[in-house]
Amino acid sequence: MAKNILFIEDESALQKAVTAVLAEEGFEVRSAVTGEDGLVAARRDIPDLILLDLVLPQKDGFAVLEELKKDPATSRIPVIIMSNLESSADVQKALDRGAMTYLVKMNYKLEEVVEKIKQILT
């Protein structure tokens, strides 16, 4: 059975690229463009993993992460942060709120992102 991933990202080019690579690897990917839509999708679909950007319209990724971790229905879903925010304060804030790992977009190739996802889901 294919693992389901929810990708909450407002940059459409990245959204398409990551979705294509993950689909090739056999994952089912659902997308959300805003933080609010991401929360709705997470609660509705209960994905196996969430890829979450931090800079999002309507509700930022920190708020999304906090709400996911407070909700018993979504609190155990692993969350990987994928963001261009790279200050140690942002990284620590995300990890303190329950993110499993934090990837700075420009420092990772898509193949490395896929490997991180596979490590977490196995």
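It should be noted that the structure appears before, not after, this text.
Model, not experiment: these values are computed from the prediction.

Analysis parameters
- Sequence order sets the numbering: in each chain, residues are counted from 1 along the sequence as written.
- Where totals are concerned, whole chains, interfaces and linings use all residues; where local detail is concerned, this predicted model gives features only for residues with pLDDT of at least 70, and gives and counts side-chain atom pairs only at 80 or more.
- The side-chain figures draw on all heavy atoms in the structure; neither hydrogens nor water molecules are used.
- Just to be clear on terms, a salt bridge is a Lys or Arg side-chain nitrogen sitting within 4 Å of an Asp or Glu carboxyl oxygen.
- The cut-offs for exposure are 20% and 50% of the maximum accessible area for each residue type, with area from a 1.4 Å probe on protein chains only; residues under the lower value are buried, those over the upper are exposed, and the others partly exposed.
- As a rule, the C-alpha atoms of each element are fitted with a line to give its axis, helices using only the stretch in contact, and angles between N-to-C directions run from 0 to 180 degrees.
- Helix and strand definitions here come from DSSP, where helices need a minimum of 4 consecutive H or I residues and strands a minimum of 2 consecutive E residues; each element is numbered from the N-terminal end.
- An angle below 35 degrees is read as roughly parallel, one above 145 as roughly antiparallel, one from 65 to 115 as roughly perpendicular, and any other as oblique.
- Crossings are assigned a handedness: left-handed for a near helix turned anticlockwise from the far helix by less than a right angle, right-handed for a clockwise turn.
- The contact rule is simple, with two residues in contact once any of their heavy atoms fall within 4.5 Å.
- Whether two aromatic rings pair depends on their centres lying within 6.5 Å, for rings of Phe, Tyr and Trp, where Trp uses its six-membered ring; planes under 30 degrees apart make the pair stacked, over 60 edge-to-face, and the rest tilted.
- Here, a charge over a ring means that NZ of Lys or CZ of Arg falls within 6 Å of the ring centre while also lying within 35 degrees of the ring normal.
- Note on residue categories: nonpolar means Ala, Val, Leu, Ile, Met, Phe, Trp, Tyr, Cys or Pro, charged means Asp, Glu, Lys or Arg, and polar means any other residue, Gly included.
- Working definition of a nonpolar core: buried Ala, Val, Leu, Ile, Met, Phe, Trp, Tyr and Cys residues. They are joined through side-chain atoms within 4.5 Å.
- Seen with the strands pointing away from the viewer, any crossover whose path from the first strand over the helix to the second strand runs clockwise is right-handed.
- Here the rule is simple: two strands pair whenever DSSP picks up at least two bridges between them.

Trainee: Let's hear about the pattern of salt bridges: which residues, and what values?
Mentor: This structure, assessed with the given rule, holds 11 salt bridges. Where Arg44 meets Asp45, a salt bridge forms, and the shortest distance between an N and an O atom there is 3.0 Å. Under the relative-accessibility criterion, Arg44 is labelled exposed at 58%.

Trainee: Tell me about the packing of helix α1 (residues 12-24) against helix α5 (residues 110-121), and name the residues and values.
Mentor: One way to put it is that α1 packs onto α5 with a least axis distance of 10 Å and a crossing angle of 55 degrees. Taken together, α1 and α5 sit at an angle that is classed as oblique. Judged by the sense of rotation from one axis to the other, the crossing of α1 with α5 is right-handed. From α1, Ala17, Val18, Val21 and Leu22 reach across to α5, where they touch Leu110, Val114 and Ile117.

Trainee: Outline the packing of aromatic side chains, listing residues and values.
Mentor: All told, the structure shown has zero aromatic pairs when counted by the stated rule. Residue placement shows Lys93 over the ring face of Phe62; its charged tip is 4.2 Å from the ring centre.

Trainee: Mind laying out the packing of helix α2 (residues 35-45) against helix α3 (residues 61-70), listing which residues take part and the relevant values?
Mentor: α3 packs onto α2 with a crossing angle of 20 degrees between their chain directions and a minimal axis gap of 9 Å. Our classification of the angle between α2 and α3 gives roughly parallel. Classified by chirality, the crossing of α3 by α2 is right-handed. From α2, Gly35, Leu39, Ala42 and Arg43 reach across to α3, where they touch Val64, Glu67 and Leu68. A breakdown of the residues in the contact of α2 with α3 according to their chemical character gives four nonpolar, one polar and two charged.

Trainee: Any chance you could break down the nonpolar core for me, citing the residues and the numbers?
Mentor: Residues Ile8, Ile50, Leu52 and Ile81 are the most contacted members of the largest nonpolar core, which totals 21 residues. Where this core is concerned, the elements lending two or more residues are β1 (4-8), α2, β3 (49-52), α3, β4 (79-83) and β5 (101-104). Here this core takes four residues from α3, the largest share from any one element. Aside from chain neighbours lying at most four places away, what touches Ile8 is Ala32, Thr34, Gly35, Gly38, Ile50, Leu51, Leu52, Asp53, Leu56 and Val64. Judged by nonpolar contacts, the second largest core, of 16 residues, contains Phe27, Val29, Val114 and Ile117.

Trainee: With reference to specific residues and values, describe the pairing of β1.
Mentor: Counting buried residues in β1 gives five out of five residues, a clear majority hidden from the surface. Covered by surrounding structure in β1 are Asn4, Leu6 and Ile8 together with Ile5 and Phe7, the residues of both alternating faces. On the question of chirality, the crossover connecting β1 to the parallel strand β2 (residues 28-32) by way of α1 is right-handed. One ladder, built from four bridges, connects β1 with β3; its direction is parallel. Looking at the pairing, Leu6 lines up with Ile50 of β3.

The values reported here are purely geometric and, on their own, carry no functional implication.
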